[in-house]
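Tertiary structure, described
So you can see what is in the structure, the chains are spelled out below.
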Amino acid sequence: TPLPFVVFGWIEHLFHAGISAARFFNLFLSFTIVCMIGLRKGRSTSSSVLSVIGILSFPYFIGASVHLYTDIIAAFFAVLGVAAHQRRSYYLAAAFFILGIACRQYILAFPAAIVAHEVIHFCRGGELRIAAVAASCVAASSIFGWYIFFGGPAPEPAIRAQAIVTADMFRVFPDHSLYFLSTVGAYFVLPEAVLFRRLPSLPSQKQTLLIAVIVAALFLFFPPLTNTSSFPTMGFMDKAAHLFLPDLIRLLLFFALALITCIRFHCPSLTAFLVYLNAAIMIKAHLAWDKYTLPLLVVLWFVGSRNSVQAAQKATHVGA
């Protein structure tokens, strides 16, 4: 979707500085994101610093900030949308998500996750926040406007030029979703455990076994070993694994990372729905790539680590 290119064009025209001005704009947005994560109310100074370290440890955050990638703008609108939703400004959140979808189509996962969370919350006996559901549905439905505008998922010349095979409605790649879960494990679950020095609450043994069996079966049938294009590797994590590990061990590593992600997000929370809806939408990504995790990681470090700290503080208080 074209909004970032329109914005980059405006900036270059306004400052007469070529692509360097647009790159500085990306860098400014990434600095703003870091400030949102680090200065959020309700966080201690130490947890703020750790959360900032967490997002900066993701190599594509800095990489996308100094190049003319569209992901930083999309991530910026995604975190603004989640922040507005948490403040119960549901229609403002919808506006941010619509702008995010106008940057990258996979931002659709964020309002979709909110709808799923609100519905499940209601089914479990909670309050049905109709405004939240309605606003998020409006935001998610904006994707259809782009389909009408393009006459498909993207302009036909771009589909041909980039050989986007997932433009076919029935062409899906479950292995891309599994690799996505592995990247969440590598870039969020493990850093969170190391930085905050605590493990999340674990499911019961039966639940853990069931999760392991399901994830193992998916990896058996859809092993994420390579991309189906001229880009055989799937990002920095996969490139690093290729240097030291044979395919079988590499696959086991990705399985372990995806498993700890599913264990970390086993409870039906908003962050869990954000993870799984983002993973689900990757089934239509024409590439498996670490970079596609960027908007989710920004939101997880904005939301999830704060929840983790609060849970740790609560547990410490109860123990005392």
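All chains use their own residue numbering, which begins from 1 and follows the written sequence. The model is predicted, so local features are restricted to residues of pLDDT at least 70 and side-chain atom pairs to those at 80 or more, both for listing and for counting; the totals for chains, interfaces and linings are taken over all residues. Just so you know, side-chain values use all the structure's heavy atoms and leave hydrogens and water out.

A closer look at the side chain of Ser 182
How we decide: Labels follow the DSSP assignment, with helices taken as runs of H or I lasting at least four residues and strands as runs of E lasting at least two, numbered in each case from the N terminus. The contact definition used throughout considers only heavy atoms, calling two residues in contact when any of these lie within 4.5 Å.
Tracing the backbone shows Ser 182 in helix α10 (residues 174-196). Not counting residues up to four positions away in its chain, the partners in contact with Ser 182 are Phe 219, Met 237, Phe 254, Leu 257 and Ala 258.

Examining the state of the cysteines
Covalently bonding the sulfur atom of one cysteine to the sulfur atom of another cysteine gives a disulfide. Which entries qualify depends on this criterion: Note that a disulfide, as used here, is simply two cysteine sulfur atoms within 2.5 Å. Each residue is placed in one exposure class: buried if its accessible area under a 1.4 Å probe, protein chains only, is under 20% of its type's maximum, exposed if it is over 50%, and partly exposed if it falls in between.
Scanning all chains against the criterion turns up 0 disulfides. Sulfur of Cys 103: no disulfide; nearest cysteine sulfur belongs to Cys 35 and is 20 Å away. Owing to a relative accessible area of 1%, Cys 103 belongs among the buried residues under this scheme. Unpaired in terms of disulfides, Cys 137 finds its nearest cysteine sulfur in Cys 123, a separation of 14 Å.

Notes on the confidence of the model for the chain
Counted only if it meets this: Per-residue confidence from the predictor is given as pLDDT, running between 0 and 100.
Here the chain averages 90 in pLDDT, while 94% of its residues score no lower than 70. Here helix α15 (residues 294-319) stands out as the element of the chain with the lowest mean pLDDT, 64, in contrast to helix α6 (residues 90-101), whose mean of 98 is the highest. Long-range and interchain partners of residues 308-320, a stretch whose pLDDT sits below 50, account for 6 contacts in this model, where long-range means more than four residues apart.

Brief notes about α6
What counts here: An expected span of 1.5 Å times one less than the residue number is assigned to each helix.
Taking 1.5 Å per residue as the helical rise, α6 with its 12 residues ought to reach 16 Å, and the 16 Å between its terminal C-alpha atoms agrees with that figure. Close packing links the buried residues of α6 with α5 (71-86), α7 (109-123) and α8 (130-150).

Here we look at α10
An α-helical turn contains 3.6 residues, so a residue and the one three or four places further along point in the same direction. Spelled out, the test is: Two axes are fitted around each residue, one to the seven residues ending there and one to the seven starting there, and the angle between them is reported as the bend at that residue.
Its 23 residues give α10 an end-to-end C-alpha distance of 32 Å, which sits within 8% of 33 Å, the value for a rise of 1.5 Å per residue. At Gly 185, α10 shows its strongest bend, of approximately 35 degrees.

Considering the packing of helix α2 (residues 19-38) against helix α3 (residues 45-56)
Rules: Only the contacting stretch of a helix is used when fitting its axis, a line to C-alpha atoms as for every element, and angles between N-to-C directions run 0 to 180 degrees. Here a crossing is called left-handed whenever its near helix is offset anticlockwise from the far helix by less than a right angle, and right-handed whenever the offset is clockwise.
Interhelical geometry of α2 versus α3 gives an angle of 145 degrees and a closest axis separation of 8 Å. Of the two elements, α2 crosses α3, and the hand of that crossing is right-handed. Along the contact surface, α2 presents Val 34, Ile 37 and Gly 38, while α3 presents Ser 48, Ser 51, Val 52, Ile 55 and Leu 56.

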